[in-house]
Amino acid sequence: MKKLRKAVFPVGGLGTRFLPATKAMPKEMLTVVDKPLIQYAVDEAREAGIEQMIFVTGRGKSAIEDHFDISYELETTMTDRGKSLDAISGTRFRPGEVIYVRQQEPIGLGHAIWCARHIVGDEPFAIFLPDELMAGSPGCMKQMVDAYEKVGGNIVCGYEVPESETHKYGVITPGRIDGRLVEVKALVEKPPQGTAPSNLMIPGRYILQPEVMRILEGQARGAGNEIQLTDAMSQMIGSQPFHAYAFDGRRFDCGDKAGFITANIALALDRPDIGPEVRRWMDANQ
Ligand code: UTP
């Protein structure tokens with residue numbers, strides 16, 4: 001089994017659900033407490049042992065590149081003033097740790113992933129959708145990598161939602177269950193209410209084998225006239241091992257306004273420096 005070394009971060013989407021905030025600023029740079037979403041994803045990838053980050057970007061996304069660049073002016077000024085650089089220590093990539101690829105038109109997540117095919121090459125790779133914030137210890141991808149090292153193949157994250165919500169998501173049809181590892185028999189996109197084969201939806205974390213790129217290559221547009229990753233993954237079920245790993249932690253859909261606000265409150269409450277003050281305000285304003 002090949003070690004998982006690479007991760008693709010598709011950040012080429014338009015973020016229309018978050019307008020006007022995302023008119024000139026990438027959705028992935030929205031901050032939860034004091035960190036942009038994209039950095040939560042990169043921190044999670046590093047914890048999972050990922051060595052090479054591949055960002056699939058688009059027009060108007062240069063703030064992401066700047067965020068992970070060295071800012072000599074900022075660092076020099078802070079050092080001269082005796083301020084600690086701890087707050088920005090995770091923002092620097094080592095030389096060669098990151099590669100940027102451009103998705104020239106945002107025609108779907110599947111297309112964004114396919115844009116990274118030459119860099120992924122013949123290796124398994126992880127995918128992070130940075131607008132999904134996965135809070136857990138160990139992190140979501142670390143939990144998935146531990147499972148991957150046991151069973152190999154393809155692993156999607158699975159997250160339990162109430163039955164009343166399954167119609168909003170991609171959901172798995174489960175086979176054999178072994179603890180948190182669930183064999184995937186099929187993927188069902190947005191099942192009508194009351195028909196979902198399980199309550200395990202698929203949030204934005206995947207470990208896939210490189211064959212998915214060959215499927216994406218010839219794939220026609222699907223729902224929303226976009227090239228869909230789910231359609232390509234579905235074609236791999238049966239020919240390669242395919243599991244879901246039921247994540248032990250919390251998921252926040254930060255591409256959605258309510259999910260984003262919830263993430264800010266939940267993570268602020270977790271923080272020893274600001275949590276008590278936020279809680280006091282909440283208690284006083286119930
Ligand atoms: P979303 O479905 O959230 O789409 O994409 P979006 O365009 O970002 O946001 P809305 O729905 O208009 O508000 C899920 C992930 O796939 C990436 C997005 O950047 C996000 O991380 N994506 C989507 C691309 O990189 N390219 C695409 O063509 C579409």
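Quick note: structure is the one above.
This write-up is about the structure you can find in this document. (Residues numbered from 1 in each chain as written. Predicted model: local features only at pLDDT ≥ 70, side-chain atom pairs only at ≥ 80, totals over all residues. Heavy atoms only, no water.)

**Some points on the packing of aromatic side chains**
Each aromatic ring pair is described using two quantities: the centre-to-centre distance and the angle formed by the ring planes. Using the following cut-off: Two rings from Phe, Tyr or Trp (for Trp, the six-membered ring) form a pair when their centres sit within 6.5 Å of each other. Planes less than 30 degrees apart are called stacked, planes more than 60 degrees apart edge-to-face, and all others tilted. A run of DSSP states H or I qualifies as a helix once it reaches four residues; a run of E qualifies as a strand once it reaches two. Both are numbered from the N-terminal end. Accessible area is worked out with a 1.4 Å probe on protein chains only. A residue is then buried under 20% of its type maximum, exposed over 50%, and partly exposed in between. Cation placement over rings: the criterion is NZ of Lys or CZ of Arg within 6 Å of the ring centroid and within 35° of the ring normal.
All told, the structure shown has 8 aromatic pairs when counted by the stated rule. Seen in terms of ring centroids, phenylalanine 68 and phenylalanine 93 are 4.7 Å apart; in terms of plane orientation they differ by 35 degrees. Their pairing is tilted. With phenylalanine 68 in the loop between α2 (62–67) and α3 (72–80) and phenylalanine 93 in the loop between α3 and β5 (98–102), the pair connects residues that are 25 residues apart, well separated along the chain. Here the two residues phenylalanine 68 and phenylalanine 93 agree in accessibility, since each one is buried. Taking 6.4 Å as the distance between ring centres and 35 degrees as the angle between the ring planes, the aromatic pair formed by tyrosine 159 and phenylalanine 247 counts as tilted. A residue pair is termed long-range when its members are at least 10 positions apart, and tyrosine 159 in strand β8 (residues 154–160) and phenylalanine 247 in the loop between β13 (242–246) and β14 (250–253) qualify at 88 residues. Through a chain of ring-to-ring contacts, three or more aromatic side chains come together here, namely Phe9, Phe55, Phe68, Phe93, Tyr100 and Phe128. Residue placement shows lysine 35 over the ring face of tyrosine 40; its charged tip is 4.4 Å from the ring centre. One cation-aromatic arrangement involves arginine 117 over tryptophan 114; the distance from NZ or CZ to the ring centre is 3.7 Å.

**Quick word on the site of the ligand**
Selection criterion: Working definition: residue near molecule or strand if any one of its non-hydrogen atoms lies within 4 Å of it. Throughout this description, a polar contact denotes any pair of N or O atoms lying within 3.5 Å of each other; where both atoms belong to protein, one of them has to be capable of donating a hydrogen while the other can accept it, and for residues adjacent in sequence the pair is counted only when both atoms sit in side chains. Under the convention used here, a 1.4 Å probe and the Shrake-Rupley method define accessible areas, while residue burial counts only the protein chains that appear.
As a matter of local geometry, the ligand sits amid 18 residues, with Thr16, Arg17, Lys27, Gln103 and Gly108 nearest to it. Between the ligand and glycine 12 there is a distance of 2.8 Å, counted from an oxygen atom to a backbone nitrogen or oxygen. Between the ligand and the protein, one listed contact pairs an oxygen atom with a backbone N or O atom of arginine 17 at 2.7 Å. Taking 570 Å² as the accessible area of the ligand by itself, protein coverage stands at 82%.

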